[in-house]
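In case you want the letters, here they are:
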There are 2 protein chains.
Amino acid sequence: MKKSALQKARAAYQPKLPVVLTGAVKAVEGKPTHSVADQDDIKALFPNTYGLPEIQFEKDPNPAKGSTPINVGVILSGGQAPGGHNVISGLFDGIKKINRDSRLYGFLMGPGGFVDHKYVELTSEIIDQFRNTGGFDIIGSGRTKLETKAQFDKGLEILKQLDIKALVIIGGDDSNTNACVLAEYYKQINAGVQVIGCPKTIDGDLKNEVIETSFGFDTATKVYSEVIGNIQRDCNSAKKYWHFIKLMGRSASHIALECALQCQPNVCIISEEVEAKKQTLNDIVNSIADIVAARAANGNNYGTVLIPEGLIEFIPAMKVLIAELNDLLAANAAEFATIEPNNRLSWVADRLSAENAGIFTSLPDGVANQLCLDRDPHGNVQVSLIETEKLLGHMVARRLDQMKSEGRYVGKFAAQFHFFGYEGRCADPSNFDADYCYALGFNASCLIRAGVTGYMSSVRNLTKPSVQWIAGGIPITMMMNMERRHGAMKPVIQKALVTLDGAAFTKFAEQRDSWAINTEFVYPGPIQYFGPAEVCDQCSMTLKYEHAAK
Amino acid sequence: MKKSALQKARAAYQPKLPVVLTGAVKAVEGKPTHSVADQDDIKALFPNTYGLPEIQFEKDPNPAKGSTPINVGVILSGGQAPGGHNVISGLFDGIKKINRDSRLYGFLMGPGGFVDHKYVELTSEIIDQFRNTGGFDIIGSGRTKLETKAQFDKGLEILKQLDIKALVIIGGDDSNTNACVLAEYYKQINAGVQVIGCPKTIDGDLKNEVIETSFGFDTATKVYSEVIGNIQRDCNSAKKYWHFIKLMGRSASHIALECALQCQPNVCIISEEVEAKKQTLNDIVNSIADIVAARAANGNNYGTVLIPEGLIEFIPAMKVLIAELNDLLAANAAEFATIEPNNRLSWVADRLSAENAGIFTSLPDGVANQLCLDRDPHGNVQVSLIETEKLLGHMVARRLDQMKSEGRYVGKFAAQFHFFGYEGRCADPSNFDADYCYALGFNASCLIRAGVTGYMSSVRNLTKPSVQWIAGGIPITMMMNMERRHGAMKPVIQKALVTLDGAAFTKFAEQRDSWAINTEFVYPGPIQYFGPAEVCDQCSMTLKYEHAAK
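Nothing here was measured: the structure is a model prediction, and the numbers come from that model.

A. Region of the structure containing the pairing of strand E7 (residues 194-199) of chain B. Residues and elements named next belong to chain B. Burial analysis of E7 places six of its six residues in the buried class, the great majority of the element. Neither face of E7 is exposed, since Gln194, Ile196 and Cys198 on one face and Val195, Gly197 and Pro199 on the opposite face are all buried. For the handedness criterion, the β-α-β arrangement of strand E6 (residues 164-171), helix H7 (residues 173-188) and E7 is classed as right-handed. Note that E7 and strand E12 (residues 455-460) share two bridges and pair parallel. By the bridge assignment, isoleucine 196 is partnered in E12 with tyrosine 455.

B. Layout of the relation of the copies chain B and chain A. In screw terms, the move from chain B to chain A is a rotation of 180° and a rise of 0.0 Å along the axis, fitting with an RMSD of 0.1 Å. Such a combination of turn and shift is consistent with a two-fold rotation axis. Of the residues that chain B buries at the interface, 100% are likewise interface residues in chain A, meaning the two copies contact each other through the same surface.

C. Summary view of the interface of chain B and chain A. Every contact between the two is made by 59 residues of chain B and, on the other side, 59 residues of chain A. Here chain B is connected to chain A by six salt bridges. Two residues, A:Asp137 and B:Arg233, come together in a salt bridge whose shortest N-O distance is 3.0 Å. Inspection of the chain B/chain A interface yields 28 residue pairs in polar contact (both at pLDDT 80 or more). For the side of chain B that touches chain A, the secondary-structure elements that each account for two or more residues are helix H1 (5-11), helix H8 (217-238), strand E11 (415-420), helix H19 (422-425) and helix H22 (533-536) of chain B. Here the side of chain B that touches chain A gets 10 residues from one element, more than from any other, and that element is H8(B). Looking at the side of chain B that touches chain A residue by residue, the classes come out as 25 nonpolar, 20 polar and 14 charged.

D. Focus on the domain arrangement of chain A. All names here are of chain A. Assigned domains of chain A: these are domain 1 (68-216 + 429-459) and domain 2 (217-423 + 501-546). The distance between the C-alpha centroids of domain 1 and domain 2 comes to 35 Å. Across the boundary between the two partners, domain 1 contributes 17 residues, which contact 22 residues of domain 2. Looking only at domain 1, the three residues that lose the most surface to domain 2 are Ile202, Asp203 and Asn431, adding up to 37% of its buried area. Connecting domain 1 to domain 2 are one salt bridge. The residue glutamate 546 makes a salt bridge to lysine 207 at a minimum N-O spacing of 2.7 Å.

E. Geometry of unusual backbone geometry. Positive phi outside glycine occurs at A:Asp38, with the angle close to 50°. Within the secondary structure layout, A:Asp38 lies in the loop between strand E1 (25-32) and helix H2 (39-45). At B:Asn132, a position not held by glycine, the phi torsion is positive, near 60°. Relative to the helices and strands, B:Asn132 resides in the loop between helix H5 (124-130) and helix H6 (149-161). Note on B:Asn132: relative accessible area 2%, which makes it buried.

F. Broad picture of the state of the cysteines. Residues and elements named next belong to chain B. Here the structure, examined in full by the defined rule, presents zero disulfides over all chains. The thiol sulfur of cysteine 437 is not disulfide-bonded, and the nearest other cysteine sulfur, from cysteine 198, lies at 8.5 Å. This cysteine, cysteine 446, is not joined by any disulfide, and cysteine 198 carries the nearest cysteine sulfur, 12 Å off. For cysteine 446, a relative accessible area of 11% puts it in the buried group.

G. Structural context of the pairing of strand E14 (residues 480-485) of chain B. Residue and element names in this part refer to chain B. Note: E14 against strand E15 (residues 488-493), six bridges, orientation antiparallel. Note that in E15 the partner of glutamate 483 across the bridge is lysine 490. Hairpin connection between E14 and E15: a loop of two residues separates the two successive antiparallel strands, and histidine 486 in this loop has a positive phi of roughly 50°.

H. Representation of the UniProt feature "site: Important for catalytic activity" (unreviewed entry) in chain A. All names here are of chain A. Cross-referencing UniProt, the feature "site: Important for catalytic activity" (unreviewed entry) maps to Lys200 in the present numbering. By the element assignment, lysine 200 lies in the loop between strand E7 (194-199) and helix H8 (217-238). If we ignore the near neighbours within four places in the chain, the residues touching lysine 200 are Ser77, Gly78, Gly79, Ala81, Phe136, Ile170, Gly171, Gly172, Leu206, Ser214 and Phe215. A polar atom in the side chain of lysine 200 sits 2.6 Å from the backbone oxygen of serine 77.

Analysis parameters
Counting starts from 1 at the beginning of each chain's written sequence and moves along it residue by residue. Each chain is given a letter, starting from A, and each ligand a number, starting from 1, according to the order in which they appear as written. Per-residue local features of the predicted model are confined to residues with pLDDT of at least 70, and side-chain atom pairs are confined, for both listing and counting, to 80 or more; whole-chain, interface and lining totals are unaffected and use all residues. As a rule here, side-chain values cover all heavy atoms of the structure and leave hydrogens and water aside. Burial classes: relative accessible area under 20% of the type maximum marks a residue as buried, over 50% as exposed, and values in between as partly exposed (1.4 Å probe, protein chains only). Each helix corresponds to a stretch of at least 4 residues labelled H or I by DSSP, and each strand to a stretch of at least 2 residues labelled E; elements are numbered beginning at the N terminus. Seen with its strands pointing away from the viewer, a crossover is right-handed if its path from the first strand over the helix to the second goes clockwise. Paired strands are those between which DSSP finds at least two bridges. Least-squares superposition aligns the copies on the C-alpha atoms of those residues with pLDDT at or above 70 in both. Residues are treated as being in contact if the distance between any of their heavy atoms lies within 4.5 Å. Whenever Lys or Arg places a side-chain nitrogen within 4 Å of a carboxyl oxygen from Asp or Glu, that contact is recorded as a salt bridge. Here a polar contact means two N or O atoms within 3.5 Å. Within protein one must be a hydrogen donor candidate and the other an acceptor candidate, and residues neighboring in sequence count only if both atoms are side-chain atoms. The classification used treats Ala, Val, Leu, Ile, Met, Phe, Trp, Tyr, Cys and Pro as nonpolar, Asp, Glu, Lys and Arg as charged, and all other residues, Gly among them, as polar. Start and end positions for the domains come from either an automated domain assignment or a database one. Accessible area that two parts lose when put together, evaluated with a 1.4 Å probe and summed over both, is termed the buried area. The definition used for a disulfide is geometric: two cysteine sulfur atoms within 2.5 Å. UniProt positions are given in the numbering used here, feature names are shortened, and annotations may be inferred rather than shown by experiment.

Here it is in C-alpha cells:
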C-alpha cells in the first residue's frame, strides 16, 4: 500500500485518551436503569440485560496485579464512518494492556463474516497500518443484519473455536439494537460471551441523554463543510449561480443542520421541520423562490441551498403519494409494463386519487418517471435515487417564471447541483474523531474487563479537551423503545431526529432569515491536523450548542 | 464577514518570497525572443511588443534611492482559481515598497469593470482581509473579453482619471493574449500605460517552456484528490460500487492526469490520448468494461474511473456528429420545434448521415435528447451540460450485459456518479499557491518598476523551496502562434494540452495497467497548512515529473 505524505505523518499521531483510562480503572455502578419508553415490553424481551446500571470508570487506587489474556472479536457494521480504524486500534491497545497475549479477531465484510466464519487476526503489524486513517478497509463492513437465532448460533461456533470471550459490534442504531439482542441471547444460553456496542454513524441520529454523539459525524460534516464553503466562495466571487447542494443523511437532518451552522448558507431545509409543519413540496419550493426573489431585488442573483437527502420522505403529501403509487403499481404491474413509455405518466395520473394526481402531475417529468420506474425488489419507490436537488432547482425555476410574469421577480436564475456523501464517509478522522474513536475502543476493552454485556461504550463530556472526557458504559436497553417495523412491533434504539426545540435548530432558526437575505457565508476550509488547537481540536457546533444548553 | 478558525489562523501566514525579490532588484535582459510559431504574422501584429528580451531579476547591489509613487490597476479575468487574492496582495505590497503612497485600484467583476469604470481602491484594510484566502470575491471576476479598440479607449479614460500607469491582468491564455493586444495598443498610441499579465487557470493549460505552471492548478487538484481519495477509501471498504468521477477542465486533461498521479485510480481517461488514437465512444466504453470484467474475475466488483470534463469534444466521431447536429438543427429549427417529444430522436436520426445516425442511436436517450435540446444562444450543442460520467457509466453497464450474455463477464456492476469542479476553484490556496501567487504579484510590481509592457509575470524553478525561485518577465508574444478562431486567424497564446510523450503522461502510462487490475489507491487527504514540510510544501506531481525530465 503506497501511502500519501499525510498518511505517513498522521500515523505518528497518538490519540489523547481520557486521563481516567490511562491507568487501572474500577467500574462504579450507578442506579438501575429503565428504557426510554415501553418499559414493560422491553423488560419482557430482555430479562437478562434490562435494568442494568450505568457504569462510570474511575481510577483504581488498588488495582489487582496481572490479568489473564482475553480474546476479542470485532465487527464493523453498516456504512463507513471516519474513525472506525481508531476504535479498533483503541480496542487492540486496550486488550493488549490487559494482557499482552490477548488476541483481537476481525470478522470480514461486516456481520456476514461473523456468520460465515470469515475473519483475520489483527496483529500489531496490521493495526499500525491503519491508525488514524479513514475507511473501514482494515476488515471491511457489510449490511447483513444479525437477527436470527440461527445466525447467533452459527457465530457462536467460531467464537468458541477461537476462544473469543467478547464481541464488539461497531454500528448504528439498528446494529446496536441487534448487538443487545445478541447479548441477551448469549446471556440466556450461558454462552460465556459478552457483547459490547460502539455508536457509529455519520448521520448523527444515534445519540441521546447518555451518548453525546456518534463517531464519524464530526469528520464527515467537516469535509462537507469544507466543500460547501469552497462552493460558497465561488458563488460569492462569480455571483451568477444558485448552488443546490444535497447532503447524505436519510432519516435525520443533523448533517445538513451542522453544515448550515458551519457555513451559513442562504437556505437550509430541515426535513423534521417540513414534517412538523406539514409542508408540501410547493411550500418548500415557494419559500426558496421567495428568498431567490428577495436576493434578486438586492441585485444578488446567487446563493446556496442545503438539502437533506431524505427530504422527500418527510413531506407528508409526498409520503401519501408514494404509498398510493406503491400500491397502484404493485397491483397493476403486468398492465403497467405494457404501457407505451410516453403514455405512462398519464396512465398513472388517471388512476391516482384526485389529490395525489394533482401532486404527481405537478412534478417534473423526469422525477415522475423515476417514481414510476425505479423500484426496489419489493416493488417500492427508491426514494434515495430521486435527485431532490434537481427537482427543487427545476421547480424553483418554474415558480420564478410565474413570479416574473406577475411582476414579483426581477432577476436571472441559473442553478448548479451537487450531492455530497461518499466524499466524507471515509475521510481521515479529525483530531476529535481520532481521539473519540480511540477512546471508545479502549473503553470497550475496560467494559470487557469489567465483565459486562449488553452495554454501549460511552465517552462523554466531549466539548471539553479529550483528557477530561468521562468514560463508562450504558445498558443498551436503556435507549430502547418499541416501534413498528415491517408490520410488527420491535424493540429498537430510539432514533435521534433533529428536534425543533433543540439547541442546534434554535440557533439556526434565529439566524437563518439574516443568512437568507444577506450574504454571510463562512468558509471553514479543510480539516487541519497539525495547527493551533482552535483550528484542529474543535468538536461539531451541534455538540457545542447542545452542551451549552444543558 | 464572520471568519472561520482556519481563516483567522491562516491570515497570519507570510508567503515566502523568492530571496531575490526580498531586496532591491535590477532587471537583467536576455536575448531578443521570437514567438513559438508564425513569427512573421505575430511580429506584424505586434510591432511594438514583439521580440522583446526575457527579463530576469537579480539583486541590485547599488539600488537607486527612493522612487516616486505609482498607481496600478488590477483585473481578475475568467474563472476563479485559488490564490488570486495573494497575487493582489503581493502586488499591493510590491507597489507600497516602491513608495508608500502608491495606490492599487481593483476593477470590479472582471474586465467589464474596467470598461464600465467600476472600481475600488484596495487599501491595506481591505487587502488584509483577503491574504491567503481562496476566491476572487475581493473585487469579483468576469468573462467580458477585452478585444476592441472601443473598450481599450474607454478603459484608458478611467486609467487617466486615476493616474494609473500600469494595469495587471490576472487571467488564462485568452485573457493574457488580450492583455498583450492591449499592451501593444497602448504602446502604439503612447498612452503611457504598461500592461502586465499573470498566468491563472486551474485547468493547467497555460504553461510552456518559460511559464512552469499556472496558479490555482496545485490547490484545485489537491482538493479534487482529497475527495477522490476519500471516495476510493469508501470504494475499497464497501467493495460494491464503481465510482465514475468527472473533473473540471474543458480543453485539457491536466487536472484528471494530476489527480490520477496523486490517487492511482483504476481508470483515468485522457482526452488528448483519445483524440490522438482516434478512439470512438465505444472504444472508451469497451476499454473500461474490459477492466471492470478483469477486476470482477478477481472478485473485485468495485473501482474508480476519472473522466475529464471535455472528453466528448475530443472524440473525433462525436465531434463530427455534433457538427452535423448543429447544422441540421439550425437549418430546420422551425420544423424541429413542431415535432412531438417522443418522435424527436427518430426525426433526427432519419436526417443524419448513416455513420452519424449509427452513433446517435447508440447513445442513451437522455444524452441524445440533451444533444438535440440543450442549445446555446448560437444554436450549438452545450457539450458542458452532457453528463459524461453518467453516459459512460450507462454504456459500460450495457456493454457488461452483452459480455455477460457471451460468458465473458461474471460480476455485479453498480455505479455512483460525481462531478467535481466548483469544489476546488475557490479553495484556500495551498502553501505552494499562496507563495507562488504572492511572488507573481510582487514580481509584477518589479516588472512595472522596470518599465516594461506586454510581459507576463514569471516565477520559475518551482520544484525548489520558494526562496530559491527565479523571478522575471516573459514577453507574451513569445508564447503566441496563429490559430483559427470563429473563422479567422488570430494571434493567441498556444494552449498547453497534455502531450503523450510528456513526463507526466509517460509516468501515468507506465503504471496504469497495474492500477487497473490491482487496487493501488492512494489517499492524499486534505490540504495541510501547518504540518511538516513533506506534507504541506509539495508542488504538483505533474510539475515534479516535468522538472525531473528536464
